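A look at the structure
Listed below, chain by chain, are the residues.
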Amino acid sequence: HPFYAKLNEVLAGWKFDEFVEGLCAKFYEETIGRPSLAPGKYFRLLLIGYFEGIDSERGIAWRCSDSLSLRAFVGYALDEISTEHSTISRTRRLIDLETHREVFQWVLKVLADYDLVSGKTVGIDATTLEANAAMRSIVRKDTQQNYQEFLTELAKASGIDTPTREDLAKLDRTRKNKASNDDWENPHDPDAKIAKMKDGSTHLAHKAEHAVDMESGAVLAVTLQGANLGDTTTVMETVIAATENLRAVADDARTQDKLDERWMSEAVADKGYHSNATMTDLAEMNIRSYVSEPDRGRRDWTDQPDAQAAVYANRRRIRGVRGKRLMRQRGELIERSLAHSYETGAMRRTHLRHHHNIAKRLLVHVGGFNLGLLMRRLMGIGKPRRLQGLLVSILRMIFDLWSVLATIWTQLKIVTTGKPIRPLVCLAA
């Protein structure tokens, strides 16, 4: 496949296999254990999850065994048996989170070499990912009772000795705070939190937060946190992660002159991130904030001079021409990274449990999104399936051009002869 062949050229040019083998050497034994999966193959398999829109490691393994182009991309010979999903899962568990983070930073360095990372203005936004855990399996943190047992006990306490399903449903409707994360948890994945999804439904979920370069759209950092945490609580962790990743790019001799001299000097976010503490923290880090401010009415700033100065400075910036332009770009660039990673990238629902496992997959998955930006620069397409509709798109452009020319020719004949004539046949019709 020309897309994967070109991507392998990029990876080989930056000596990707040598880099990851050096990182992962400490996780491999030479004499004992089952046949291992090479680090270069492992990370390529996770990249396939993004480019092919596959959410599970089982699906990645099956797709790789079925496709000749993917086998060539990963590095399997025609007569070689491809990796099973259990080996992918085992390799992921053995390689630690910090190594996956270093691979993500390596991808940022590749993008910086192609002038796709500036780092000056960073946009931040978050979304929820459905957890691999069911609401019906939650239990009380104090008694470990499941939901049905808890309702039955409440019904008996209220005087119903043998409650029916209708009695339990009626009792459940009248309760307040019945799905509180303070009282309930999933025994199989305590990191999953009860949250309301984008469509209004309630699920166990995780929160993924992106820091995006507002010039190129590259994701500078991705963090995974509890879905019950507010944006003002999680924003600083994402800002720090983006700062560390940009520092790694700036410290590399190959890319140290590629970043803007004022990298990580501006932050853009929506009104969910606005608070006195957030504005003050960003000001203390010498980061100019462009955060939409909700209408809170007239406020009392007594004994809060630092917060007042930070909030007023942010308000003045977002009302300016540059601030309004950044607000418009925020919806375009940040939402695009979320949509490509979790909608077309098929990671809206996770198939792994616990944050450290999901974060490993996310780092390489979003790294695939960044490599897609580079491939769009080199080939004009960001995913391999775009080539399927390329011929149709070219033919459609030709037909549209023919239709326009036929209309112009017809109008010119009418003007010159004064008589209506039969128009040319439009191929687009």
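Residues numbered from 1 in each chain as written. Predicted model: local features only at pLDDT ≥ 70, side-chain atom pairs only at ≥ 80, totals over all residues. Heavy atoms only, no water.

What to know about the nonpolar core
Definition in use: The set of buried Ala, Val, Leu, Ile, Met, Phe, Trp, Tyr and Cys residues whose side-chain atoms join them within 4.5 Å is what this entry labels a nonpolar core. The rule is simple: take the accessible area with a 1.4 Å probe, protein chains only, and divide by the maximum for that residue type; under 20% is buried, over 50% is exposed, in between is partly exposed. Helix and strand assignments follow DSSP, with helices taken as H or I runs no shorter than four residues and strands as E runs no shorter than two, numbered in order from the N terminus. Pairs of residues are marked as contacts when any of their non-hydrogen atoms sit within 4.5 Å.
Within the largest apolar cluster, 98 residues are counted, with the highest numbers of intra-cluster contacts made by Val 117 and Tyr 342. Here this core gets 11 residues from one element, more than from any other, and that element is helix H14 (residues 355-379). Beyond its immediate chain neighbours, meaning those up to four positions away, Val 117 contacts Leu 108, Leu 111, Ala 112, Asp 213, Ser 216, Ala 218, Leu 220, Leu 246, Lys 258 and Leu 259. Core analysis: the second largest hydrophobic core is formed by 12 residues, Ala 133, Tyr 147, Leu 151 and Ile 194 among them.

Re the pattern of salt bridges
Which entries qualify depends on this criterion: In the sections that follow, a salt bridge refers to a side-chain nitrogen of Lys or Arg positioned within 4 Å of a carboxyl oxygen of Asp or Glu.
Summed over all chains, the structure comprises 19 salt bridges. The partner of Glu 80 in a salt bridge is Lys 41, with the nearest N and O atoms 3.5 Å apart. Here Lys 41 lies in helix H3 (residues 39-51) and Glu 80 lies in the loop between helix H5 (68-74) and helix H6 (85-94), a separation of 39 residues in the sequence. A residue is classified by how much of its surface remains accessible, and Glu 80, at 32% relative accessible area, is partly exposed. The exposure class assigned to Lys 41 is buried, which follows from its relative accessible area of 18%. Several salt bridges converge on common partners, so that one network encompasses Lys 109, Asp 252 and Arg 254.

Re the packing of aromatic side chains
Stated precisely, the cut-off is as follows: Stacked, edge-to-face and tilted labels apply to pairs of Phe, Tyr and Trp rings (six-membered ring for Trp) whose centres lie within 6.5 Å, assigned for plane angles under 30 degrees, over 60, and everything in between, in that order.
The full count for this structure, using the stated rule, is 12 aromatic pairs. Ring centres of Tyr 4 and Phe 73 lie 4.8 Å apart, and the angle between their planes is 40 degrees; on these two criteria the pair is classed as tilted. Residue Tyr 4 is found in helix H1 (residues 2-13), and its partner Phe 73 is found in helix H5; the two are separated by 69 residues along the sequence. Across this residue pair, the class does not change: Tyr 4 and Phe 73 are buried. Summarising the aromatic geometry, the rings of Tyr 50 and Phe 369 are spaced 6.4 Å apart at their centres and angled 90 degrees between planes, so their arrangement reads as edge-to-face. Taken as a pair, Tyr 50 in helix H3 and Phe 369 in helix H14 lie far apart in primary sequence, 319 residues in all. In textbook terms, an aromatic cluster arises when at least three aromatic residues are bridged by ring pairs, as seen for Phe 3, Tyr 4, Tyr 50, Phe 51, Phe 73 and Phe 369.

Thoughts on helix H4 (residues 57-66)
The condition is simple: Throughout, the arc means the angular range of directions from the helix axis out to the C-beta atoms.
Listed in full, the buried residues belonging to H4 are Glu 57, Ile 60, Ala 61 and Cys 64. Summarising the axial view, the buried residues of H4 lie within an arc of 95 degrees, below the 170-degree limit, and thus occupy one face. Seen from the open side of H4, the exposed residues pointing more than 90 degrees away from its buried face are Arg 58, Trp 62 and Asp 66. Where H4 is buried, its residues meet H3, H5, H6 and H14.

A short note on the pairing of strand S8 (residues 288-291)
Operational definition: When DSSP finds at least two bridges between two strands, those strands are taken to pair. We call a crossover right-handed when, viewed with the strands running away from us, the connection from the first strand over the helix to the second turns clockwise.
Relative to S8, strand S7 (residues 266-269) runs parallel, the two sharing 4 bridges. Paired with Val 268 across the bridge in S8 is Tyr 290. Assessed by its sense of winding, the connection that carries the chain from S7 through helix H11 (residues 276-284) to S8 is right-handed.

Section: unusual backbone geometry
Keep in mind that most residues, glycine aside, have a negative phi and that most peptide bonds are trans. Phi is positive for Gln 144, which is not a glycine, with a value near 60 degrees. Here Gln 144 shows up in the loop between strand S2 (139-140) and helix H8 (147-157). For Gln 144, a relative accessible area of 45% translates into the label partly exposed. Even without a glycine there, the phi angle at Ala 346 is positive, about 65 degrees. As for its placement among the helices and strands, Ala 346 is situated in the loop between helix H13 (321-342) and H14.

Some thoughts on the layout of surface pockets
Quick note on the threshold: Using only the protein atoms, space was sampled on a 1 Å grid; points where a 1.4 Å probe fits but cannot get out form cavities, open sets with protein on both sides within 12 Å along at least five of seven lines form pockets, and lining residues are those with an atom within 4 Å of a point. Grid points are joined across faces, edges and corners, and a volume is the space filled by probe spheres set on the points. Under the scheme applied here, ten amino acids are nonpolar (Ala, Val, Leu, Ile, Met, Phe, Trp, Tyr, Cys and Pro), four are charged (Asp, Glu, Lys and Arg), and all others, including Gly, are polar.
The space that makes up the largest pocket amounts to roughly 350 Å³. Taken together, 16 residues line the largest pocket, and the ones lying closest to its centre are Phe 27, Tyr 28, Arg 34, Ser 36 and Leu 94. Residues belonging to the lining of the largest pocket are distributed by class as follows: 7 nonpolar, 5 polar and 4 charged. Quantified by volume, the second largest pocket comes out at close to 260 Å³. Along the wall of the second largest pocket there are 16 residues; nearest its centre are Arg 101, Val 222, Thr 223, Glu 237 and Ala 241. Those elements that place two or more of their residues in the lining of the second largest pocket are helix H7 (97-113), strand S6 (219-226), helix H10 (231-251) and H14.

A look at the pairing of S6
In terms of burial, S6 is a largely internal element, 8 of the 8 residues being buried. In this sheet, S6 lies alongside strand S5 (residues 202-213) in antiparallel orientation, the contact comprising 7 bridges. Bridge pairing in S6 links Ala 211 to Ala 221. In textbook terms, the turn of a hairpin is the stretch between consecutive antiparallel strands, and for S5 and S6 this stretch comprises 5 residues, one of which, Gly 217, has a positive phi near 90 degrees.

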